[in-house]
Number of protein chains: 2
Amino acid sequence: MVRTDIPDIVIGRLPLYLRALNRLQQENLAFTSSHVLGQRLGISSAQIRKDLSLFGEFGKQGTGYHISTLIAELQRILHTDCEWQVALIGVGDLGRALAHYKGFVNRGFRITHLFDNDPAKIGQRIGEFEVLDAAVMEKTIREACIKVAMLSTPGDEAQDVADILVQAGIQAILNYAPITLLVPDGICVQYIDPVIHLQRMVYYLDLPV
Amino acid sequence: MVRTDIPDIVIGRLPLYLRALNRLQQENLAFTSSHVLGQRLGISSAQIRKDLSLFGEFGKQGTGYHISTLIAELQRILHTDCEWQVALIGVGDLGRALAHYKGFVNRGFRITHLFDNDPAKIGQRIGEFEVLDAAVMEKTIREACIKVAMLSTPGDEAQDVADILVQAGIQAILNYAPITLLVPDGICVQYIDPVIHLQRMVYYLDLPV
DNA sequence: TAGATTGTTAATCGATTAACAATC
DNA sequence: TAGATTGTTAATCGATTAACAATC
């Protein structure tokens, strides 16, 4: 298979397929179809077939897709058939919750390094790891060859931290701070801001009384 | 202004514009342009002008947009020129972090009710509120006329909770559980799953050594 | 005025869908 | 076999962009 340019919007759907397939597998199903998958996800079956066909032929006419095979293929395609080390910067309430979250492992990620610049937090143990001084962040990340970071600092520190992360060789940043980061070309950034989602939804609601 | 059908993808960008405008205002700027806004957000200036033009004429040739005026307009358009009460269901680590998060107020939302079904948590105080028994959730939400909920329960309870929320009159759900919810037409659901974002990004990364 | 920027149009670009031959 | 479902094509649909007259 020659990896030609795949639209990013397709890449964005693959993790959803993967999540739904894992769920089907938990339900002890062995095969599924683009139709079933589409119904679960609110996506048309044609779109699912087309998306998958960009990467190969994974299904069988009449039968559909073998779930565990397709899971393995999607993991390989997404590069989550291994475990990425993740650095977490900012150990406030949210950072702590992320550090304790059990849902990263088995989906390709493990938080292995925690950083903060608050002397009161440095040295604390959270889960199985110790909070490290943000002053050693660049060196530590570079030496551990970590490529993925999650950012849960206050908004006014996020850009400075991001600059250091880029210097340290980080290539993908999941940013929980409510600001748009400026990063060089080639660095991936994704954003999580619950308020953005809430605002988007209440547009469709009648004003409260 | 007649509200004709606005594409949802446009609605999804308005909160980003709002967030960037608030930031510009914090920098003590009074006016901005589609060009500046676009550079900050990684969006073309033409798109910003076109999006805004769907709702009215907010700018001036040669001058651009008056920031505080545009903020007020966007808040009005999005229905965030008031404070929505939000119910939070599931008071684990993540729920606790959300309950403490200061970023909801001033952007149109306030968590006012916490629910859990764990007897050890019911009755606890978190911030200024007491954790209520999930058994009284439907009644409480209906009587308080709450329309917006955030769901941070474990995945295998999320669908059951969502069903109750819909019964209770909730119209918008922000779901942190890593499953797709099935809800009736007209109920808005948005999803936050950090792993989905991480998986999407590492597709673009070389495999780790 | 001269420079800057809007709102809007038309063209381009890209994504989704319907349909169906192939085939398990 | 008959029924089901894939992979793929062509058509449709929708979103983005380039360009510019209008005008502050």
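This text goes with the structure placed above it.
None of these values were measured; they are calculated from a predicted model. (Residues numbered from 1 in each chain as written. Chains lettered and ligands numbered in written order. Predicted model: local features only at pLDDT ≥ 70, side-chain atom pairs only at ≥ 80, totals over all residues. Heavy atoms only, no water.)

With that settled, consider the environment of Arg-49 of chain B. Summarising the element assignment, Arg-49 of chain B is placed in helix H3 (residues 45–53). A C-alpha to C-alpha distance of 9.7 Å links Arg-49 of chain B and Gly-38 of chain B, two positions 11 residues apart in sequence. (Helix = DSSP H or I, 4+ residues; strand = E, 2+ residues; numbered from the N terminus.)

Residue and element names in this part refer to chain A. Of note in this structure, Asn-106 is not a glycine but carries a positive phi near 75 degrees. As for its placement among the helices and strands, Asn-106 is situated in the loop between helix H5 (93–100) and strand S5 (109–116). We classify Asn-106 as exposed; its relative accessible area is 74%. The backbone phi angle of Cys-145 is positive, close to 55 degrees, even though this residue is not glycine. Along the polypeptide, Cys-145 turns up in the loop between helix H6 (137–143) and strand S8 (148–151). Overall, Cys-145 belongs to the partly exposed group, its relative accessible area being 48%. (Buried < 20%, exposed > 50% of the residue type's maximum accessible area, 1.4 Å probe, protein only.)

Side chains that are nonpolar tend, in soluble globular proteins, to be buried together. If you look at the biggest cluster of nonpolar residues, it comprises 46 residues, and the most contacted ones within it are Met-150 of chain A together with Met-150 of chain B. Among all residues touching Met-150 of chain A, those that are not within four sequence positions of it are Val-86, Ala-87, Leu-88, Ile-89, Leu-98, Phe-104, Ile-111 and Leu-174 of chain A together with Leu-198 of chain B. (Core = buried A, V, L, I, M, F, W, Y, C linked by side-chain atoms within 4.5 Å. Contact = heavy atoms within 4.5 Å.)

All names here are of chain A. Here helix H4 (residues 67–78) contains 12 residues, and its C-alpha end-to-end distance of 16 Å stays within 8% of the 16 Å for a straight helix at 1.5 Å per residue. For H4, the set of buried residues is Ile-67, Leu-70, Ile-71, Leu-74, Ile-77 and Leu-78. Looking down the long axis of H4, one finds its buried residues gathered within 130 degrees of arc, a one-sided arrangement. Positive backbone phi, at 70 degrees, marks His-79, one or two positions downstream of H4. (Expected span 1.5 Å × (residues − 1). Arc of directions from axis to C-beta.)

By themselves, these observations are geometric and do not establish any function.
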